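Analysis of the macromolecular model
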Amino acid sequence: MNYNEVLAAARDCVGPYCKACPVCNGRACGNAMPGPGSKVPGNVAARNYDKWQEICVNMDTLCPNADPDISIELFGRRFSAPIFMAPLGALDMHYGPKYKDFAYNSILIKAAYEYGVFALTGDGVDPEIMKASVQDMVKYEGIGVPTIKPWNKEAVFEKLDILKANNIFAAAMDVDGAGLPFLKAMNPNAGSKSVDEMREIIEYAGRPFIIKGIMTPAGAQKAVDAGAAAIVVSNHGGRVQGGVPSTAEVLPDIVKKVKGKITILVDGGIRSGVDVFRAIALGADAVLIGRPVLTAIYGAGEEGYKVYMDKITGELKSTMTMCGAASLKGITADKIRLP
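Residues numbered from 1 in each chain as written. Predicted model: local features only at pLDDT ≥ 70, side-chain atom pairs only at ≥ 80, totals over all residues. Heavy atoms only, no water.

1. Concerning the pattern of salt bridges
For side chains bearing opposite charge, pairing can occur when the charged atoms are close. Filter applied, for reference: The term salt bridge refers to a pairing of a side-chain nitrogen on Lys or Arg with a carboxyl oxygen on Asp or Glu at a separation within 4 Å. To sort residues, take the accessible area from a 1.4 Å probe on protein chains only and compare it with the maximum for the residue type: under 20% means buried, over 50% means exposed, and anything in between is partly exposed. Numbering of helices and strands runs from the N terminus; a helix is a DSSP stretch of H or I covering at least four residues, while a strand is a stretch of E covering at least two.
Taken as a whole and assessed by the stated rule, the structure comprises 20 salt bridges. In this structure, E73 and R78 form a salt bridge, with 3.7 Å as the shortest nitrogen-oxygen distance. Judged by its relative accessible area of 48%, E73 is partly exposed. Residues K212 and D267 are paired through a salt bridge, measuring 4.0 Å at the closest nitrogen-oxygen approach. Taken as a pair, K212 in strand β8 (residues 209–214) and D267 in strand β10 (residues 263–267) lie far apart in primary sequence, 55 residues in all. What emerges from the salt-bridge pattern is a single network uniting K110, E114 and E302.

2. Digging into the sheet that holds strand β11 (residues 286–289)
This is how the line gets drawn: Strands are treated as partners if at least two bridges between them are detected by DSSP. Contacts are assigned to residue pairs with any non-hydrogen atoms lying within 4.5 Å of each other. Geometry is summarised by axes, namely lines fitted to C-alpha atoms with helices restricted to the contacting stretch, and by angles between N-to-C directions that run from 0 to 180 degrees.
Strand order in the open sheet formed by eight strands is β4-β11-β10-β9-β8-β7-β6-β5, with parallel pairing between adjacent strands. With partners counted over all chains shown, the strands left at the sheet margins are β4 (83–85) and β5 (120–121), one partner each. As judged from the two bridges shared by β5 and strand β6 (residues 145–148), these two strands associate in the parallel manner. Across the sheet, residue L120 finds its bridge partner in β6, namely V145. Its contacts with the sheet put helix α5 (residues 128–138) on β5 and β6, and the angle it makes with β6 is roughly 165 degrees.

Right, dumping it as structure tokens:
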């Protein structure tokens, strides 16, 4: 199958909210919730996409002719590409009934591992979702990153105990979910975490810990202070808060604040290998991609995932060749032109 065939197959089984658009740019879904859209005013996902497109890449082909190396080392392990999978949840409600979270995560974890990268998986009200993801990761050297909601400490520690017992590679928390009503309804209360609370959680985890949902330099510094191994610059596609800037807009200031102190991942609107190049040139170490991966899996399962990854890694390598970068370290700030 090629990518267009994967998209065509996805249109038969995804929706009614997601349209399996040729480019997932946040326009057709708008503020459709349930669905993949953004919280009112419904423009954050589109803004994420648009702001990457405003950045131009600088061509330079007077350089040695070599096949670009896109491999990356994270947390002591080498991966085949700087492109990892963002966590998604409640799939049957938002994207269509073909997959529930259990089946989707199972396909995703295996496909990502076999491609030489890893997937972050979602959490939910049903505790069995994360447990099932962990058991799938166990089949693949524990490679994967369960992403825990900012529950109260007791619930978080229970989940971390499962990760520790199964020797899972790393853990994450999507702190940008702090305002979700089901978290606020917990007793004891859940939601936002102080630096001290995050430090206690990270120390208890005892493995590389990723904090997802960082959108300011101050927030990035707090993650460093809490002992996180990595942050994800992410606005959750605007699903939890409308009226926020794009991740491309805030990334440079975050890089200026914490580059070299912590691994920086970025999520939101990255749809092509050119976008991956732009993100790394702005200072990110790697990227997360969610919705297009989901569409590919809805269209053709593991094969759809591979088709999408071959497409985006090929685009990244091509851009590196045309811009004179032989490796990811060669994708520097002078390789792009800002608006």
